[in-house]
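So you can see what is in the structure, the chains are spelled out below.
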Amino acid sequence: MLGHLRSGPSGPYLDGFAAALEQQGYGPETAVRYLRAAAHIGHVVAEQGAGLTDVDLAAFGEHLRTCRCPRAKGGRCNHHTIYGARLFRRHLVELGVCRSAAVGVASAEPQLVADFKTWLRKHRGASDATVRLYARDAAGLMMELRSDPAGWRPNDVRSYFLEHASNSGSGTIAKMTTSLRAFLRYLAAAGRCQAGLDGAVPAYAHWQLADMPRYLSTEQVDRLIAACDGDAVGPDVIERSCFCWCASACGPVT
């Protein structure tokens, strides 16, 4: 994997990028995601016949929708990939490798998102990390739907969420659910979208079943066979016997 990461145009800059991420307080797991995104965008830029001086995040985002790059997990168009690529380009700008003009255009923030960030700090006391997370999801929603939030409909919001959730892990989905609902409630309170639109963001079912026995021991198999009536060998009788034994051994079955 390290060889793959360093094999593309981004390779010479990954060690410095990793050090920068550590200085900014990113954890190891998050940093690894961002380093993979940095390597990925380097390969994409090379395939497009450009260099790291012309990193285009919009083009990279379009590429992720149909990505089939080796070891890129089908693109995985989630927040980690996009945000990691954005941080990497910012790092290249600081090194003088990438032109800063492109960054200025791409990083323009919608006014509603800026107002949302101010509201989170002032009225919710949100930390900088929380504000960044919520603003990132809010900006993604606005970038996708583009139109005035007053014209957004539940189907628009739900479709956006389901599309992005299908390529994200459970942790990312849970955070996106919370941040999008908060943004939509803010817009409704400010009179910028219809009330109740936050209900269009579905809840993510992530619970797991309780542990169940994976196999029966020899002693348990003998007890199961002994519990069957030798004179009645019909499938229905055996099924009832097995059910009764499992209920007594493992507890109620629902």
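These numbers were taken from a predicted model, which means no experiment stands behind them.

Criteria and cut-off values
- Residues numbered from 1 in each chain as written.
- Predicted model: local features only at pLDDT ≥ 70, side-chain atom pairs only at ≥ 80, totals over all residues.
- Heavy atoms only, no water.
- Axes fitted to C-alpha atoms, helices over the stretch in contact; angles between N-to-C directions.
- Helix = DSSP H or I, 4+ residues; strand = E, 2+ residues; numbered from the N terminus.
- Parallel < 35°, antiparallel > 145°, perpendicular 65-115°, else oblique.
- Contact = heavy atoms within 4.5 Å.
- Nonpolar A, V, L, I, M, F, W, Y, C, P; charged D, E, K, R; others polar.
- Polar contact = N/O pair within 3.5 Å; in protein donor to acceptor, adjacent residues only side chain to side chain.
- Phe/Tyr/Trp six-rings, centres within 6.5 Å; stacked < 30°, edge-to-face > 60°.
- Buried < 20%, exposed > 50% of the residue type's maximum accessible area, 1.4 Å probe, protein only.
- Core = buried A, V, L, I, M, F, W, Y, C linked by side-chain atoms within 4.5 Å.
- Patch = residues over 30% accessible without salt bridge, like charges linked within 9 Å, V, L, I, M, F, W, Y side chains within 5 Å.
- Areas by Shrake-Rupley, 256 points an atom, 1.4 Å probe, with all protein chains shown as cover.
- Salt bridge = Lys/Arg side-chain N within 4 Å of Asp/Glu carboxyl O.
- Left-handed = near helix turned anticlockwise from the far one by under 90°.

Student: Describe the packing of helix H8 (residues 128–145) against helix H10 (residues 170–189), with residues and values.
Tutor: Between H8 and H10, whose axes approach to 9 Å, the crossing angle comes to 75°. Judged by the angle between their axes, H8 and H10 are roughly perpendicular. Residues Leu-133, Tyr-134, Asp-137, Ala-138, Leu-141 and Met-142 of H8 pack against Lys-175, Met-176, Thr-178, Ser-179, Leu-180, Ala-182, Phe-183 and Leu-184 of H10. The class makeup of the residues in the contact of H8 with H10 is 10 nonpolar, two polar and two charged.

Student: Quick rundown of the side chain of Ser-10? Include the residues and the values.
Tutor: Looking at the secondary structure, you find Ser-10 in the loop between helix H1 (2–6) and helix H2 (11–23). A polar side-chain atom of Ser-10 sits 2.8 Å from the main-chain carbonyl oxygen of Ala-38. Filtering out sequence-adjacent residues up to four positions away, Ser-10 remains in contact with Ala-38, Ala-39, Gly-42, Leu-52 and Phe-88.

Student: Describe the packing of aromatic side chains, naming the residues involved and giving the relevant values.
Tutor: As enumerated under the stated definition, the model contains seven aromatic pairs in all. With a centroid separation of 5.4 Å and an interplanar angle of 75°, the aromatic rings of Tyr-26 and Tyr-34 are classed as edge-to-face. The exposure class of Tyr-26 is buried, given its relative accessible area of 19%. Given a relative accessible area of 3%, Tyr-34 falls into the buried group.

Student: Kindly report on the nonpolar core, identifying the contributing residues and their values.
Tutor: Grouped together as the largest cluster of nonpolar side chains are 30 residues, with contacts concentrated most on Phe-116, Leu-141, Trp-152, Phe-183, Leu-184 and Leu-187. Residue assignment for this core shows that the elements contributing at least two residues are helix H7 (111–124), H8, helix H9 (154–165) and H10. Formed by 27 residues, the second largest nonpolar core is a distinct cluster that contains Leu-14, Phe-17, Tyr-26 and Leu-92.

Student: For a nonpolar patch on the surface, give the residues involved together with the corresponding values.
Tutor: A surface patch of nonpolar side chains, about 240 Å² in accessible area, is lined by Leu-216, Val-221 and Ile-225. Structurally, Leu-216 is set in the loop between H10 and helix H11 (218–226).

Student: I'd love a proper account of the packing of H9 against H10, names of residues and values included.
Tutor: Geometry of a packed helix pair, given as the angle between the helix axes and the separation of the axes. Two numbers describe how H9 lies on H10: the axes approach to 11 Å, and their chain directions differ by 160°. Classified by the angle their axes make, H9 and H10 are roughly antiparallel. Helix-helix and strand crossings are classified by hand; for H9 and H10 the assignment is right-handed. Of H10, the residues touching H9 (which contributes Val-157, Tyr-160, Phe-161, His-164 and Ala-165) are Ile-173, Met-176, Thr-177, Leu-180 and Leu-184. Class assignment for the residues of the contact of H9 with H10 results in eight nonpolar, two polar and no charged.

Student: Describe in detail the environment of Leu-57, supporting the description with residues and values.
Tutor: Its place among the elements puts Leu-57 in helix H4 (residues 57–65). Looking at Leu-57, the relative accessible area reads 14%, which means it is buried. Along the chain, Leu-57 and Ile-41 lie 16 residues apart, while their C-alpha atoms are 8.6 Å from each other. Not counting residues within four places of it along the chain, the set of residues in contact with Leu-57 comprises Ile-41, Ala-85, Arg-86 and Arg-89.

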